[in-house]
Amino acid sequence: MMQRRTRVPSVVAGLVALGLACSACATGTAAYRTDGAGASPPRAPQTAYTPYVSATTAADTDGAASPDTYNLAFVTSDGSGCTPVWGGTEPATSDAVVARAAALTDTGADLRVSFGGAAGTEAALDCDSAQELADAYAEILDAVGATKADFDIEGDALTDEVSVARRNEALALLQKERDLDLTYTLPVMPDGLEDTGLAVVQDAVDQGVRLSAVNIMAMNYSSSHSGDMGDYAEQAAQAAHDQLVDVLGLSRDAAWQALHLTVMIGVNDVAGETFTLADAASLRDFATRKGVGALSMWAAFRDRPCAEGEDLTEADDACSGVAQEPGAFAEALNG
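Residues numbered from 1 in each chain as written. Predicted model: local features only at pLDDT ≥ 70, side-chain atom pairs only at ≥ 80, totals over all residues. Heavy atoms only, no water.

Looking at an unreviewed UniProt entry, the protein carries the name Chitinase, with the source organism given as Streptomyces clavifer.

Chemist: Explain the state of the cysteines to me, and be specific about the residues and the numbers.
Modeler: In the structure shown here, the tally under the stated rule is two disulfides. The disulfide bridge from Cys82 ends at Cys127, spanning 1.7 Å between sulfur atoms. Of note, the bridge from Cys82 to Cys127 carries an S-S torsion of about 80° and is right-handed in sense. With Cys82 in the loop between strand E3 (69–77) and strand E4 (84–86) and Cys127 in the loop between strand E6 (110–116) and helix H2 (130–144), this pair connects stretches of sequence that are 45 residues apart. Taken as a pair, Cys82 and Cys127 share a single burial class, namely buried. Cys306 shares a disulfide with Cys319; S-S distance 2.0 Å. (Disulfide = S-S within 2.5 Å. Helix = DSSP H or I, 4+ residues; strand = E, 2+ residues; numbered from the N terminus. Buried < 20%, exposed > 50% of the residue type's maximum accessible area, 1.4 Å probe, protein only.)

Chemist: If you had to explain the pattern of salt bridges to someone new, which residues and values would you point to?
Modeler: Following the criterion strictly, the structure yields six salt bridges and no others. Salt-bridge contacts for Asp110 lead to Lys148; the nearest nitrogen and oxygen are separated by 3.0 Å. Here Asp110 is found in strand E6, whereas its partner Lys148 is found in strand E7 (residues 148–152), with 38 residues between them in sequence. Owing to a relative accessible area of 37%, Asp110 belongs among the partly exposed residues under this scheme. Residues Asp242 and Arg252 are paired through a salt bridge, measuring 3.3 Å at the closest nitrogen-oxygen approach. A residue pair is termed long-range when its members are at least 10 positions apart, and Asp242 in helix H6 (residues 229–248) and Arg252 in helix H7 (residues 252–257) qualify at 10 residues. Asp242 gets classed as partly exposed once you look at its relative accessible area, which sits at 28%. For Arg252, a relative accessible area of 45% puts it in the partly exposed group. (Salt bridge = Lys/Arg side-chain N within 4 Å of Asp/Glu carboxyl O.)

Chemist: Pulling in residues and values, what's your account of the packing of H2 against helix H4 (residues 161–177)?
Modeler: Two quantities define a packed helix pair, namely the angle between the helix axes and the distance between the axes. Between H2 and H4, the shortest axis-to-axis distance is 8 Å and the interhelical angle comes to 60°. Put simply, H2 runs oblique to H4. Considering only the axes of H2 and H4, their crossing is right-handed. Across from Ala130, Gln131, Leu133, Ala134, Tyr137 and Ala138 in H2, the residues of H4 making contact are Arg166, Arg167, Glu169, Ala170, Leu171, Leu173, Leu174 and Glu177. (Axes fitted to C-alpha atoms, helices over the stretch in contact; angles between N-to-C directions. Parallel < 35°, antiparallel > 145°, perpendicular 65-115°, else oblique. Left-handed = near helix turned anticlockwise from the far one by under 90°. Contact = heavy atoms within 4.5 Å.)

Chemist: Give me the lowdown on the pairing of E3, citing residues and values where you can.
Modeler: With nine of its nine residues buried, E3 lies for the most part within the structure. In this sheet, E3 lies alongside strand E2 (residues 52–54) in parallel orientation, the contact comprising three bridges. Bridging from a neighbouring strand, Tyr52 pairs with Asn71 of E3. Note: E3 against E6, six bridges, orientation parallel. Considered in E6, the bridge of Ala73 is made with Ser114. Bridge analysis of E3 against E4 gives three bridges, and the strand direction is antiparallel. For Ser77, the partnering residue across the bridge sits in E4 and is Pro84. Following E3, the chain reverses through six residues before pairing antiparallel with E4; Gly79 in that reversal takes a positive phi of roughly 90°. (Pairing = 2+ DSSP bridges.)

Chemist: Please provide a residue-by-residue account of helix H1 (residues 95–105), values included.
Modeler: Listed in full, the buried residues belonging to H1 are Val97, Arg100, Ala101 and Leu104. Along the axis of H1, the buried residues cluster in a sector spanning 100°; they form a single face. Of the surrounding elements, those touching the buried residues of H1 are E2, E3, E4, strand E5 (90–91), E6 and H2. (Arc of directions from axis to C-beta.)

Chemist: So, the confidence of the model for the protein: which residues are in play, and what are the values?
Modeler: Averaged over the protein, the pLDDT score is 87; the fraction of residues at 70 or greater is 87%. Counting interchain partners and residues more than four positions distant, the pLDDT-below-50 stretch residues 2–40 has 91 contacts. (pLDDT = per-residue confidence, 0-100.)

Chemist: Can you explain a negative patch on the surface? Please cite residues and give values.
Modeler: A contiguous patch of negative charge on the surface is contributed by Asp128, Glu132, Asp135, Glu139 and Glu177. Broken down by element, the residue count for the negative patch peaks at three residues, all from H2. Looking at the secondary structure, you find Glu139 in helix H2. Using a relative accessible area of 39% as the deciding quantity, one classes Glu139 as partly exposed. (Patch = residues over 30% accessible without salt bridge, like charges linked within 9 Å, V, L, I, M, F, W, Y side chains within 5 Å. Areas by Shrake-Rupley, 256 points an atom, 1.4 Å probe, with all protein chains shown as cover. Lys, Arg positive; Asp, Glu negative; His and termini not counted. Charge placed at Lys NZ, Arg CZ, Asp CG, Glu CD.)

Here's what the structure looks like:
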C-alpha cells in the first residue's frame, strides 16, 4: 500500500460467490426488546484504530491516539528467490525490526504484519511452492511473535492467478498449523470492491482460508474523481458493505464488522485528491454509527505537516501535505 499506487483494470467479469469467517464479530444482529420497556437500538461494536507504520523506522507519531493494532509494513521478497525481507532490505530475523516490534507491542497494542504493498514483489510471485511460501511467511511471523497477518495485494499481484492460488494455498496450510488471523487489503472505487479483488477473496474461500476481514483502500481513485474524499470513502464503504451482505450472506452488522477502511491522509497520489482532517472526523462518525471493524491510514509517519517550502501538490512519503498538528489525523480517526 500505498506508495505511488496505480489502479489495475478489472479483469474478472461479475461478482463471484465467496465466504468469509469473521472471527472478530461473533454476535451478528442483536434483537430488540418487544415488551416496550427501555427499547433502544443496540450500540454498534467499537471501531478499532489500526494505522500502518514502518517496519524499519520509528516515527514520533506512531503512537498518536494509542492505536489498538499496528500494521507493520511491508514484507516483500528479496527479488532473488523465496526470501522474505522487511521493507525490501532487512532480513526476517533482523534485530532492529524485532526490537521495533517489541517496542510497539509493549504499548499494549496488537501487531499485524502486512505483506505486499505497491513497492517490491510479494513473495507469492517468487516462491515455487505453497509449502515454501508458507515457510517464508511463518519465518517472518515467528520473528516478531505475530498472530495476525494482512496481505496487501495490488498491481501485478492482483491479476497473477498462479500467485493468487499459491498464496491462498500457503495461508490455508498456515492456518492448519497455527491460530492465525488473516485479512486482505484490496483496491476499491466509490462503487465498491473491484472484480480482481473479489476474485482473490473467492480463491481464498475456495481453498479453505478463514478471513477475519476485508480492508478496502479508499484512496487514489482516478483523475475523474475530483469530489470530496470523505464522501468517496463513505460511498466505497457502503458499497463494499452491501457487496459483503449480498455475496457473503452476512447480516448487515456482521458485514460492517468484516469491513476495514484505510485512507491515505492528506494529499493522495492522484492529482486533486486530498483527504482532510474534516474528512477524517466525518469518517470516524460514519464508522462509529455503522460499526465498521477498523479504521486505518497510510501512514503514521505521514501524520505531520510538511516543512515550509515543500511542494504540497504531490504526495510526500514523510508528511501529509496539509496544515495540521503532528498526530492530528490519528486523533481524528480514533475519535
